[in-house]
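Next come the chains, spelled out residue by residue.
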Amino acid sequence: MREFFDMGGYAAFVWPAYAVTLAVVLLNIFWARRALARSCAEARRRLQMQGERR
Amino acid sequence: MNWSWFHRLASPPHVYALAARLTPWFAWPAALCILAGLWGGLVLAPPDYQQGDGFRILYVHAPSAWMSLMVYVTMAVSAAVGLIWRIKVAHAVAASCAPIGASFTFAALVTGALWGQPMWGTYWEWDPRLTSELVLLFLYLGYMGLRAGIEDTQRADRASAVLAVVGVVNVPIIHYSVTWWNSLHQAPSVMRLAKPAMPLPMLVPLLLMLLGFTLFFVALLLVRLRGEVLARERAASWIREVVSA
């Protein structure tokens, strides 16, 4: 197990590379969902304003 | 031949519903491919005879770099379709691509730097491949900045589409930079016409990661696309049904 985490002496480069990529993957999921939620909220707000005007 | 399916692809309510339905069919296979690729790349693949275990950065670097280029081409093609045929949905696809592409270009640059330090002795060099990839990041950021700076969505769509289409010249420059000029970066070992220069236990995890990242891109694109379609359909009545739930 220790051997695995040591990555043949390259641990200081291999693991940060994987960490950065994992962070980009997770952030993309979060950002995409947030963008959709914001657009939905914005559309809902517009519909409400239209309804009040009527 | 019946082309109605093709015309429906330009219809916002149809695209919105289709995108929602298709997302899990890309997201879950993406997760499976990436997990299998990680297991294969980190555990099963043997160490490289020159780089030892350092070569394992390949399994995050190459898929990120592939994403940076593939997403850009998708963005430029849909921007061109939007410009030529004035299809709103095509512009929505292009706008959805940019943040995804930018983030993976960043990942490609950072993982590349972390690979460069132990193998080449430097995190960064103003080398043709590295420099053109950095230009790609600036193209994405310029595209997003341009969009953010224009209030009217239609005008933002057209102006940013021109930038996306012009910027596509950078894609072949990045890909061929390692053969056209002397570069620190190695030549392609998989994305080439000849047989991949890698033994199968190393190659299969890489192909799984490439496939997994591509499926992940489609899933992200489908989620973002719904938001972009909503933003372009200010007054349509179908919106009431999808957002009231």
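Here the structure is shown first, and the text comes after it.
Summarised in this report is the structure supplied together with it. The shown structure was predicted, so the numbers you read here are calculated from the model rather than taken from an experiment.

## Some details on the overall build of chain B
Here is step 1 of the chain: A tally of regular secondary structure across chain B gives nine helices and zero strands.
Here is step 2 of the chain: Each helix (α) and strand (β) of chain B, taken in turn from the N terminus, gives the series α-α-α-α-α-α-α-α-α.
Here is step 3 of the chain: Over its C-alpha atoms chain B spans a radius of gyration of 20 Å, differing by no more than 12% from the 18 Å that the globule rule assigns to 245 residues.
Here is step 4 of the chain: Projected onto the principal axes, the alpha-carbon positions of chain B cover approximately 60 × 35 × 35 Å.
Here is step 5 of the chain: Looking at the 245 residues of chain B, the share that counts as buried comes to 40%.
Here is step 6 of the chain: Put simply, 78% of the contacts in chain B that link residues at least 6 apart link residues at least 24 apart.

## Comments concerning the overall build of chain A
Here is step 1 of the chain: Counting its secondary structure elements, chain A contains two helices and zero strands.
Here is step 2 of the chain: Taking 2.2 N^0.38 as the reference for a compact globule, 54 residues should give roughly 10 Å; the C-alpha atoms of chain A span a radius of gyration of 22 Å, well beyond that estimate.
Here is step 3 of the chain: Taken along the three principal axes of its C-alpha coordinates, chain A extends 70 × 15 × 10 Å.
Here is step 4 of the chain: Within chain A, buried positions represent 24% of all 54 residues.

## A few points about helix α6 (residues 153-167) of chain B
Residue and element names in this part refer to chain B.
Here is step 1 of the chain: Compared with the 21 Å implied by 1.5 Å per residue over 15 residues, the 21 Å span of α6 between its first and last C-alpha is a close match.
Here is step 2 of the chain: For α6, the set of buried residues is Asp157, Ser160, Ala161, Ala164 and Gly167. Seen end-on, α6 carries its buried residues on one side only, within an arc spanning 130 degrees. Set apart from the buried face of α6 by more than 90 degrees, the exposed residues are Arg155 and Val166.
Here is step 3 of the chain: Looking at the packing, one finds that the buried side of α6 touches α3 (58-85), α4 (88-120), α5 (128-149) and α7 (170-180).

## So, the environment of Arg53 of chain A
Here is step 1 of the chain: Looking at the secondary structure, you find Arg53 of chain A in helix α2 (residues 11-53).
Here is step 2 of the chain: Sequence separation of Arg53 of chain A and Leu26 of chain A is 27 residues, and the distance between their C-alpha atoms is 41 Å.

## A word on unusual backbone geometry
Only a minority of non-glycine residues have a phi that is not negative, and only a minority of peptide bonds are not trans.
Here is step 1 of the chain: Positive phi outside glycine occurs at Met7 of chain A, with the angle close to 50 degrees.
Here is step 2 of the chain: The buried category is assigned to Met7 of chain A, around which 20 C-beta atoms lie within 10 Å.
Here is step 3 of the chain: A positive phi angle, near 55 degrees, is found at Arg86 of chain B, a position not held by glycine.
Here is step 4 of the chain: By the secondary structure assignment, Arg86 of chain B is in the loop between α3 and α4.
Here is step 5 of the chain: The class of Arg86 of chain B is partly exposed, set by 13 C-beta atoms lying within 10 Å.

## Observations regarding the interface of chain A and chain B
Here is step 1 of the chain: Each partner contributes residues to the interface: chain A has 25 residues there, and chain B has 32 residues.
Here is step 2 of the chain: By residue class, the composition of the side of chain A that touches chain B is 17 nonpolar, four polar and four charged.

## Observations concerning the packing of α4 of chain B against α5 of chain B
All names here are of chain B.
Here is step 1 of the chain: Put simply, α4 and α5 touch, their axes get as near as 9 Å, and they point 150 degrees apart. One finds that α4 runs roughly antiparallel with respect to α5. Between α4 and α5 the crossing geometry is left-handed. Packed against α4, whose contacting residues are Ala95, Ala98, Pro99, Gly101, Ala102, Thr105, Phe106, Ala108, Leu109 and Gly112, the element α5 presents Leu130, Glu133, Leu134, Leu136, Leu137, Tyr140, Leu141, Tyr143, Met144 and Arg147 at the interface.
Here is step 2 of the chain: Taken together, the residues of the contact of α4 with α5 break down into 15 nonpolar, three polar and two charged.

## Focus: the environment of Arg226 of chain B
Here is step 1 of the chain: Tracing the backbone through its elements, the reader meets Arg226 of chain B in helix α8 (residues 200-232).
Here is step 2 of the chain: Between the C-alpha atom of Arg226 of chain B and that of Tyr59 of chain B, which follows or precedes it by 167 residues, the distance is 31 Å.
Here is step 3 of the chain: Apart from the residues within four sequence positions on either side, Arg226 of chain B is in contact with Leu36 of chain A together with Tyr16, Ala19 and Ala20 of chain B.

## Description of helix α2 (residues 12-44) of chain B
Here is step 1 of the chain: With 33 residues, α2 of chain B extends 45 Å between its outermost C-alpha atoms, agreeing within 8% with the 48 Å of an ideal straight helix rising 1.5 Å per residue.
Here is step 2 of the chain: Contact partners of the buried residues in α2 of chain B: α3, α4, α8 and α9 (238-244) of chain B.

How each quantity is defined
Residues numbered from 1 in each chain as written. Chains lettered and ligands numbered in written order. Predicted model: local features only at pLDDT ≥ 70, side-chain atom pairs only at ≥ 80, totals over all residues. Helix = DSSP H or I, 4+ residues; strand = E, 2+ residues; numbered from the N terminus. Rg over C-alpha atoms; globule rule 2.2 N^0.38 Å. Buried ≥ 20, exposed ≤ 12 C-beta atoms within 10 Å, placed from the backbone. Contact = placed C-beta atoms within 7 Å. Expected span 1.5 Å × (residues − 1). Arc of directions from axis to C-beta. Nonpolar A, V, L, I, M, F, W, Y, C, P; charged D, E, K, R; others polar. Axes fitted to C-alpha atoms, helices over the stretch in contact; angles between N-to-C directions. Parallel < 35°, antiparallel > 145°, perpendicular 65-115°, else oblique. Left-handed = near helix turned anticlockwise from the far one by under 90°.

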